[in-house]
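Spelled out, the chains give:
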Amino acid sequence: MANESEFIKRLISKKHKNEAFKELLDLYQERLYWHIRKLVVTHENADDVLQNTFLRIYKSLPNFKQNSSLHTWMYRIAYNESIRFLEQNKKKQHYSIDDVNDKYLDSLFEDPFFDGNEIQIKLHKLLLELPEKQRQVFQMKYYDDLKFREITSITGIKEGTVKTSYYSTVKFIEENITKLELFSESKV
């Protein structure tokens, strides 16, 4: 965005707010959708969380202090809305972690919006073995191409911890992707 501070002024002004917010939607809707989708998994859940995210962004714009970029601020809201959604669902449903992972994979394969190849499916299986925060950090860096500084701002996790988490995940994937391939071949 060429001049973010001017765009933010338009977003906050009563006269231009709606027009500027439509531009914001056009610019960020798809990116935020995929960020959320990686966290909440299904298309339907991602749509719900995305709606809540943009509603919160719209209501919170007058309070945006510009301590970070607009992009990072919105990703943080999307991240928090996703975590809020996951926590609410966790309270409603009492599944074991294995049940949740199986349900996730089933819904992923049945989802018409997922067109992953075998490698992507194996990657998803490996990511499910990781703690939730570690998986989220990896997804933000790997899929969303966010900088460590941005991930720190979004999650509230220290930058050193974010880096350690990401590189530990990369090492875990490198060490286990071939094991997963061998395991799936032996089942055939």
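Quick caveat: nothing in here was measured; it's all calculated off a predicted structure.

### Let's talk about the nonpolar core
Nonpolar side chains tend toward joint burial in soluble globular proteins. Core analysis: the largest hydrophobic core is formed by 44 residues, its most contacted members being Leu11, Leu24, Leu32, Ile57, Leu70, Trp73 and Met74. Those residues in contact with Leu70 that lie beyond four places of it in its chain are Glu4, Phe7, Ile8, Leu11, Leu24 and Phe64.

### Concerning the packing of helix α1 (residues 4–12) against helix α2 (residues 17–40)
Where α1 meets α2, the axes come as close as 6 Å, and the angle between the chain directions of the two elements is 125°. Judged by the angle between their axes, α1 and α2 are oblique. Touching Phe7, Arg10 and Leu11 of α1 are Lys17, Glu19, Ala20, Phe21, Glu23 and Leu24, all from α2. Split by residue class, the contact of α1 with α2 holds 5 nonpolar, no polar and 4 charged.

### Considering the confidence of the model for the protein chain
As a note on interpretation, predicted positions should not be read in detail where pLDDT is low. Per-residue pLDDT for the protein chain averages 82, and the proportion of residues at 70 or more is 79%. Ranking the elements of the protein chain by mean pLDDT puts helix α5 (residues 97–110) last, at 49, and helix α3 (residues 43–60) first, at 94. Scored below 50 in pLDDT, residues 108–112 makes 7 contacts in the model with residues more than four places away or belonging to other chains. Within the model, pLDDT remains below 50 along residues 182–188, and this stretch shows 1 contact once partners closer than five positions in the same chain are excluded.

### Thoughts on α3
In an α-helix, one full turn covers 3.6 residues, which means residues spaced three or four apart are oriented alike. The end-to-end C-alpha separation of α3 is 25 Å, in line with the 26 Å expected for 18 residues at 1.5 Å each. Taken as a whole, α3 has its buried residues at His43, Ala46, Val49, Leu50, Thr53, Phe54, Ile57 and Ser60. The buried residues of α3 occupy an angular sector of 140° when projected down its axis, which confines them to one face. More than 90 degrees from the buried face of α3, the exposed residues found are Glu44, Gln51 and Lys59.

### Thoughts on the packing of aromatic side chains
What the rule picks out here adds up to 10 aromatic pairs. Residues Tyr33 and Trp34 carry aromatic rings whose centres are separated by 4.8 Å and whose planes lie at 85° to one another, so their mutual orientation is edge-to-face. Residue classification places Tyr33 among the buried positions, given a relative accessible area of 9%. Here the aromatic rings of Phe138 and Tyr142 are separated by 5.0 Å at their centres, their planes lie at 15°, and the arrangement is stacked. With Phe138 and Tyr142 both in helix α7 (residues 132–142), this residue pair falls 4 residues apart, about one helical turn. In this arrangement the basic side chain of Lys17 is found over the ring face of Tyr58, its NZ or CZ atom lying 4.2 Å from the centre. Over the aromatic face of Phe148 sits the side chain of Lys141, whose NZ or CZ is 4.6 Å from the ring centroid.

### With respect to the environment of Thr53
Following the sequence through the fold, Thr53 ends up in helix α3. Note on Thr53: relative accessible area 0%, which makes it buried. Taking the C-alpha atoms as reference points, Thr53 and Glu81, separated by 28 residues in sequence, lie 6.2 Å from one another. Sequence-distant contacts of Thr53, defined by excluding residues within four places in its chain, comprise Ile36, Ile77, Ala78 and Glu81.

### Regarding unusual backbone geometry
Here the phi dihedral of Gln66 falls at roughly 60°; this positive angle occurs in a residue that is not glycine. Tracing the backbone shows Gln66 in the loop between α3 and α4 (70–92). On the basis of relative accessible area, Gln66 is assigned to the partly exposed category, the value being 41%. For Asp145, which is not a glycine, the phi torsion comes out positive at approximately 55°. Taking relative accessible area as the criterion, Asp145 reaches 62% and is therefore assigned exposed.

Rules used throughout
- Residues numbered from 1 in each chain as written.
- Predicted model: local features only at pLDDT ≥ 70, side-chain atom pairs only at ≥ 80, totals over all residues.
- Heavy atoms only, no water.
- Core = buried A, V, L, I, M, F, W, Y, C linked by side-chain atoms within 4.5 Å.
- Buried < 20%, exposed > 50% of the residue type's maximum accessible area, 1.4 Å probe, protein only.
- Contact = heavy atoms within 4.5 Å.
- Axes fitted to C-alpha atoms, helices over the stretch in contact; angles between N-to-C directions.
- Helix = DSSP H or I, 4+ residues; strand = E, 2+ residues; numbered from the N terminus.
- Parallel < 35°, antiparallel > 145°, perpendicular 65-115°, else oblique.
- Nonpolar A, V, L, I, M, F, W, Y, C, P; charged D, E, K, R; others polar.
- pLDDT = per-residue confidence, 0-100.
- Expected span 1.5 Å × (residues − 1).
- Arc of directions from axis to C-beta.
- Phe/Tyr/Trp six-rings, centres within 6.5 Å; stacked < 30°, edge-to-face > 60°.
- Lys NZ or Arg CZ within 6 Å of the ring centre and 35° of its normal.

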